[in-house]
2 protein chains.
Amino acid sequence: MEFSSKLLEKAVHEMAQLPGIGKRTALRLVLHLLRQPKEQTAFLSEALLGMREQIRFCQNCHNISDTEVCEICSNPGRNHQLICVVEDVRDVMAIENTRQFRGVYHVLGGKISPIDGVGPGQLTIASLVEKVQSGKVQELIFALSSTMEGDTTNFYIYKQIKDCGITISAIARGIAVGDELEYADEVTLGRSILQRIPFENSFKNN
Amino acid sequence: MEFSSKLLEKAVHEMAQLPGIGKRTALRLVLHLLRQPKEQTAFLSEALLGMREQIRFCQNCHNISDTEVCEICSNPGRNHQLICVVEDVRDVMAIENTRQFRGVYHVLGGKISPIDGVGPGQLTIASLVEKVQSGKVQELIFALSSTMEGDTTNFYIYKQIKDCGITISAIARGIAVGDELEYADEVTLGRSILQRIPFENSFKNN
C-alpha cells in the first residue's frame, strides 16, 4: 500500500497492530474517523491512553479494577472461602452475568502456553498458591477453558495445592441446556455421560 | 455487559463506536492493549490524534496529503488536463497501484446519497465544475463505483459540464481478466457484450 500522507500511513500502521485488524480494515477505520467530528478521535485516544496508564488490578484477585481492592473482593456478602480460578476479566464478567456464583475470583491473566511464551511466572499462580496455603480457602473451582493449555495450567496449580486439604473442583462440562444430542461433539457427549449426576440434582437451580 | 472498571468501560465504549466493531470485539482489542507494553497504546493514540488534528487535503484534488498540494498534483510529469474523478483516497491508491494512469485525480469525498444525508454540497463537486469551466481540462474520467449513488453522482456532475466541450468518459466495466464467463453476473456480462471493443485494442496494454 502506498499512502499519500505519512500521518495517514502511521495511523493505519498502528491500527493494524491490533489483533484481527489488517491493513485494509485499519484504513477503513481510520478514514471513518476522518469523516467524523474531531472529538470522536480525541475521546477514543484519551480513553485508550487513560485506561492503559491508570488501570489497576485488584490486590487480591488480580481482576481489572479502579480501586485497590475490587468491588467483588470488598463485598462482605460474598463467600471469600470459595475461589473460582479464571483466565481473564471476560470470564469474570461471563460468570457474574449468570448470578449463580457468590464466591470470589482469582484471575490468572492467561494460561500456561510455551508456544506463546507464557510460563507460570507470568501468571498470578504464586499468589493463588499462597492464598490457599494461608488456610483461608475452603474450595477452589477451576473454570479455565478446556484446551491443552487450560488443562496444563489446572494441573500445574493442582500439583502444588493438592495436599492443602481443600476441596478442588472443576466446572461441569456437558451438553449445553437446550442443545440436541445428535449435534454435540463426541468428546463433550462422552464426558457428560461418564460424569452424569443424580437426577434429583438435575433440576436444582442453586 | 457489566464492567469492573469505569476506565475499561470507557475504552470499550469508544472503541465500539468504530464501524464493524461490536462491544465484544472492542473488549478483546482493549484487553490486548492491556497485555502489550504501554508504548503501543501511546503510539496508537498519538498516531490517531496526530492524523485527525494535522491531516490536510490537497488544495487541488482534495486527496489526503501532508502538503498544500499533493505529490501527484505537483508532479510536472503528469497530465494535468486528464482528470480521474474518484470517491476517496482508497480509489486513488488502487488506481496508482496499476501504474496505468498518468493523469491527475479529483477526490469527491463520497457519493450523493440522500439516505445517508450526503448532498452535493458536502462533496467537492463545485470545485470540479469550476476546474472544468476554467478551460484547462481536456478529459474527465468517471471512476465511481457503479451503484445507484455512483450513477447519480456521475449524472449530477455530467449535467453541469456536458456543454463545456471536453471529453467525458467512464472506466470500462466488464468481466475481470481471468474470470470465467459462466460465473459472471448477467448485468456485467451484458454490458461487456454491448460495450465490446475492437479486437486489436484488446491486447494493448497502454
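The structure presented is a predicted model; accordingly, all values stated were derived computationally and were not measured.

Rules behind the numbers
Residues numbered from 1 in each chain as written. Chains lettered and ligands numbered in written order. Predicted model: local features only at pLDDT ≥ 70, side-chain atom pairs only at ≥ 80, totals over all residues. Heavy atoms only, no water. Helix = DSSP H or I, 4+ residues; strand = E, 2+ residues; numbered from the N terminus. Rg over C-alpha atoms; globule rule 2.2 N^0.38 Å. Buried < 20%, exposed > 50% of the residue type's maximum accessible area, 1.4 Å probe, protein only. Areas by Shrake-Rupley, 256 points an atom, 1.4 Å probe, with all protein chains shown as cover. Lys, Arg positive; Asp, Glu negative; His and termini not counted. Charge placed at Lys NZ, Arg CZ, Asp CG, Glu CD. Salt bridge = Lys/Arg side-chain N within 4 Å of Asp/Glu carboxyl O. pLDDT = per-residue confidence, 0-100. Contact = heavy atoms within 4.5 Å. Buried area = accessible area lost by both parts, 1.4 Å probe. Nonpolar A, V, L, I, M, F, W, Y, C, P; charged D, E, K, R; others polar. Domains from an automatic or database assignment. Pairing = 2+ DSSP bridges. Axes fitted to C-alpha atoms, helices over the stretch in contact; angles between N-to-C directions. Expected span 1.5 Å × (residues − 1). Least-squares fit on C-alpha atoms with pLDDT ≥ 70 in both. Parallel < 35°, antiparallel > 145°, perpendicular 65-115°, else oblique.

K.L.:
Whenever I open this one, the overall build of chain A confuses me. Can you help?
P.N.:
Along the backbone of chain A there are eight helices and six strands. Helices (α) and strands (β) of chain A occur, in sequence order from the N terminus, as α-α-α-β-β-β-α-β-α-β-α-β-α-α. Whereas a compact globule of 206 residues would reach a radius of gyration of roughly 17 Å, chain A reaches 22 Å, over 25% beyond that. Once the C-alpha set of chain A is aligned to its principal axes, its extents read approximately 65 × 45 × 35 Å. Looking at the 206 residues of chain A, the share that counts as buried comes to 37%. If you sum the accessible surface of chain A, you get close to 12200 Å²; carbon and sulfur atoms cover 52% of it. Looking at charge distribution, chain A has the averaged site of its 22 positive side-chain charges lying 3 Å from that of its 25 negative ones.

K.L.:
Would you mind going over the pattern of salt bridges with me for this structure?
P.N.:
When the charged atoms of two side chains with opposite charge come close together, those side chains can pair. Applying the stated criterion across every chain yields a total of ten salt bridges over all chains. The residue arginine 78 of chain A makes a salt bridge to glutamate 96 of chain A at a minimum N-O spacing of 2.9 Å. Here the residue arginine 78 of chain A occupies a position in the loop between β2 (64-65) and β3 (79-86), and glutamate 96 of chain A occupies one in helix α4 (residues 89-98), the gap between them amounting to 18 residues. Residue class for arginine 78 of chain A comes out buried when judged on its relative accessible area of 6%. A salt bridge links aspartate 88 of chain B to arginine 90 of chain B, with the shortest nitrogen-to-oxygen separation between them at 3.0 Å. Arginine 90 of chain B sits in the partly exposed class, given a relative accessible area of 31%.

K.L.:
How do you make sense of the confidence of the model for chain A when you look at a structure like this?
P.N.:
A low pLDDT means the predicted coordinates there should not be read in detail. All names here are of chain A. The share of residues in chain A with pLDDT of 70 or more is 99%, and the mean pLDDT across the chain is 91. When pLDDT is averaged over each helix and strand of chain A, the minimum, 78, is found for helix α8 (residues 199-202) and the maximum, 96, for strand β4 (residues 103-107). As a predicted assembly, this complex carries a pTM of 0.80 together with an ipTM value of 0.83.

K.L.:
Would you mind showing me how to read the interface of chain B and chain A here?
P.N.:
Accessible area lost when the parts come together is the quantity often used to give the size of an interface. Contacts between the two partners involve 52 residues from chain B, matched on the other side by 52 residues from chain A. Carbon and sulfur atoms make up 69% of the area that chain B and chain A hide from each other, which totals about 5200 Å². Ranking the residues of chain B by area buried against chain A places Leu7, Leu34 and Arg52 of chain B at the top, with a combined share of 13%. Note that glutamate 2 of chain A is salt-bridged to arginine 99 of chain B, the shortest N-O span being 3.7 Å. Listed by contribution, the elements that provide at least two residues to the side of chain B that touches chain A are α1 (6-15), α2 (23-35), α3 (38-54), β2 (64-65) and α4 (89-98) of chain B. Element by element, the count of residues in the side of chain B that touches chain A is highest for α3 of chain B, at 15 residues. Here the side of chain B that touches chain A is composed, by residue class, of 27 nonpolar, twelve polar and 13 charged.

K.L.:
Please clarify how the domain arrangement of chain A should be interpreted in this entry.
P.N.:
What the domain assignment lists for chain A is domain 1 (6-54) and domain 2 (64-204). Between the C-alpha centres of domain 1 of chain A and domain 2 of chain A there is a distance of 35 Å.

K.L.:
Even after reading the chapter, I still don't get the sheet that holds strand β3 (residues 79-86) of chain B, so can you show me in this structure?
P.N.:
Either a parallel or an antiparallel arrangement is found when strands of a sheet pair, and the pairing is made through backbone hydrogen bonds. Residues and elements named next belong to chain B. The parallel open sheet is built from four strands, whose spatial order is β4-β3-β5-β6. Each of the sheet's edge strands pairs with one partner strand only, and the pair in question is β4 (103-107) and β6 (167-170). Geometrically, the sheet is characterised by an average inter-axis angle of 25° between neighbouring strands, direction not taken into account. Of the pairings in the sheet, the one linking strand β5 (residues 139-142) to β6 comprises four bridges and is parallel in character. Following the sheet pairing, glutamate 139 is matched in β6 by threonine 167.

K.L.:
Quick question: what am I supposed to make of unusual backbone geometry here?
P.N.:
Across the chain, the bulk of peptide bonds are trans and the bulk of non-glycine residues have phi less than zero. Residue and element names in this part refer to chain A. Residues other than glycine seldom take positive phi values, yet histidine 62 does so here, at roughly 65°. Along the polypeptide, histidine 62 turns up in the loop between β1 (56-57) and β2. Histidine 62 gets classed as partly exposed once you look at its relative accessible area, which sits at 22%. Unusually for a residue other than glycine, arginine 99 sits at a positive phi of about 55°. Overall, the relative accessible area of 65% leaves arginine 99 in the exposed class.

K.L.:
Just to check I follow, could you spell out α3 of chain B for this structure?
P.N.:
Each α-helix turn comprises 3.6 residues. Residues three or four places apart therefore point the same way. The terminal C-alpha atoms of α3 of chain B lie 24 Å apart, and with 17 residues this matches the ideal 24 Å at 1.5 Å per residue to within 8%. Looking only at α3 of chain B, the buried set comprises Gln40, Thr41, Ala42, Leu44, Ser45, Ala47, Leu48, Gly50, Met51 and Arg52 of chain B. Tucked into the core, α3 of chain B has its buried residues touching α1 (6-15), α2 (23-35) and α3 (38-54) of chain A together with α2 of chain B.

K.L.:
Whenever I open this one, the relation of the copies chain B and chain A confuses me. Can you help?
P.N.:
Both copies of the chain are related by a screw-like operation: a rotation about an axis and a shift along it. Note on the copies: chain B fits chain A at an RMSD of 0.1 Å, the axial shift is 0.0 Å, and the rotation between them is 180°. Classification of the inter-copy transformation places it as that of a two-fold axis. Considering only C-alpha atoms, the residue of chain B closest to the rotation axis is serine 45 of chain B, which sits at 2.2 Å. Comparing contact sets, 100% of the residues at the interface of chain B also lie at the interface in chain A, consistent with an isologous, same-surface contact.

K.L.:
I tried to follow the packing of α4 of chain A against α2 of chain B on my own but got confused; where do I start?
P.N.:
Two quantities define a packed helix pair, namely the angle between the axes and the distance from one axis to the other. The geometry of α4 of chain A relative to α2 of chain B is characterised by a closest axis approach of 11 Å and an angle of 140° between their N-to-C directions. Between α4 of chain A and α2 of chain B, the interaxial angle falls into the category oblique. Listed contacts from α2 of chain B to Val89, Arg90 and Met93 of chain A of α4 of chain A are Leu27, Arg28 and Leu31 of chain B. Residues of the contact of α4 of chain A with α2 of chain B, tallied by class, amount to four nonpolar, no polar and two charged.

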